[in-house]
Amino acid sequence: MWEAKLEPTVISYNAGISACEKGEQWQPALALLSAMWEAKLEPTVISYNAGISACEKGEQWQRALALLSEMWEVKLEPNVISYNAGISACEKGGQWQPALELLSEMLEAKLEPDIISYSAGISACEKGGQWQPALALLSEMWEAKLEPDVIIYSAGISACEKGEQWQPALALLSEMREANLEPNSATTPRSPHVGTAGSGSGLSRCTGNWGRLRWSPTASATPP
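Remember, it's a predicted structure, so these values are computed and weren't measured experimentally.

Colleague: Where do I start with the pattern of salt bridges in this structure?
Modeller: In a structure, side chains of opposite charge can pair up when their charged atoms sit close to one another. For the coordinates displayed, the defined rule picks out four salt bridges. Linking K127 and E91 is a salt bridge whose minimum nitrogen-to-oxygen distance equals 2.7 Å. Taken together, the positions of K127 in helix α7 (residues 115-127) and E91 in helix α5 (residues 80-92) put the pair 36 residues apart, joining distant regions of the chain. Of the residues examined, K127 reaches a relative accessible area of 41% and is grouped as partly exposed. With its nearest N and O atoms 2.8 Å apart, the salt bridge here joins E126 to K162. With E126 in helix α7 and K162 in helix α9 (residues 150-162), the pair connects residues that are 36 residues apart, well separated along the chain. The exposure class assigned to E126 is buried, which follows from its relative accessible area of 12%.

Colleague: I would appreciate a short explanation of the nonpolar core in the present structure.
Modeller: Nonpolar side chains tend toward joint burial in soluble globular proteins. L33, I52, L67, I87, I122, L137 and L172 are the most contacted members of the largest nonpolar core, which has 57 residues in total. Looking at this core, the element that brings in the most residues is helix α8 (residues 131-143), giving seven residues. Beyond its immediate chain neighbours, meaning those up to four positions away, L67 contacts L30, L33, Y48, G51, I52 and C55.

Colleague: What should I look at first to understand helix α2 (residues 26-38) in this one?
Modeller: Residues that lie three or four places apart on an α-helix share one face, since the helix turns once every 3.6 residues. With 13 residues, α2 ought to run about 18 Å at 1.5 Å a step, and its terminal C-alpha atoms sit 19 Å apart, in line with that. Contact partners of the buried residues in α2: α1 (10-22), α3 (45-57) and α4 (61-73). Directly after α2, the chain includes K40, whose backbone phi takes a positive value near 65 degrees.

Colleague: Can you walk me through the packing of α2 against α3 in this structure?
Modeller: Packed helices, taken two at a time, are described by the angle their axes make and the gap between the axes. Here α2 crosses α3 at 155 degrees, and the two axes come no closer than 8 Å. With respect to α3, the element α2 is oriented roughly antiparallel. Relative to α3, α2 is oriented so that their crossing is left-handed. Packed against α2, whose contacting residues are W26, A29, L30, L33, M36 and W37, the element α3 presents S47, Y48, G51, A54 and C55 at the interface.

Colleague: In this structure, what is going on with helix α6 (residues 96-108)? I would like to understand it.
Modeller: A rise of 1.5 Å per residue sets the reference length of α6, with its 13 residues, at 18 Å; its end C-alpha atoms lie 19 Å apart and thus fit the reference within 8%. Next to the buried residues of α6 lie α4, α5, α7 and α8. K110 lies just past α6 and shows a positive phi near 65 degrees.

Rules and cut-offs
- Residues numbered from 1 in each chain as written.
- Predicted model: local features only at pLDDT ≥ 70, side-chain atom pairs only at ≥ 80, totals over all residues.
- Heavy atoms only, no water.
- Salt bridge = Lys/Arg side-chain N within 4 Å of Asp/Glu carboxyl O.
- Helix = DSSP H or I, 4+ residues; strand = E, 2+ residues; numbered from the N terminus.
- Buried < 20%, exposed > 50% of the residue type's maximum accessible area, 1.4 Å probe, protein only.
- Core = buried A, V, L, I, M, F, W, Y, C linked by side-chain atoms within 4.5 Å.
- Contact = heavy atoms within 4.5 Å.
- Expected span 1.5 Å × (residues − 1).
- Axes fitted to C-alpha atoms, helices over the stretch in contact; angles between N-to-C directions.
- Parallel < 35°, antiparallel > 145°, perpendicular 65-115°, else oblique.
- Left-handed = near helix turned anticlockwise from the far one by under 90°.

What follows is the structure, encoded as structure tokens:
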């Protein structure tokens, strides 16, 4: 373009950054974002979203969060796509606290988290061994009329397993069956207590103040 004396436009740069994102090349993507400013072109939400997603794919969670922060500084409001990429970057980096902070920030910005938002947040909690926040997010999903899938339940059950919380894990398995979701090998908690779980309480009783789950407090935790 430059040899032909044609100057790249915002659309040109956006296409380039998106190409880098698809190719999982976060460094060239960030270089193009910087080049836009040098060319006196203002990046758009699309520009930043592609850059954040490139960082997410490159497992650069800190850079992803820096771009989100920069969006606010240049008077651009991140959208659900922006936040989802940031939360996913935190999840890949095993950073559950920043992931939860981004979810809270979404709500403060009057944005509604979607399945992707919650799935990444729950997975981040699972990787961090944080079973209580994971169950709280599952609760929020139901309150938001979003239905968790097998992958999300698996992450929740895995978080309970890591926290040695067999009762909530079994309650989640029962809840999956109520939702007509078929548990698989990934959703089966490996606990020495599983065979003697007849006196378990419901999920909401196990999670304390972390969430108001739809699981009935009188239901048995023992799978059929």
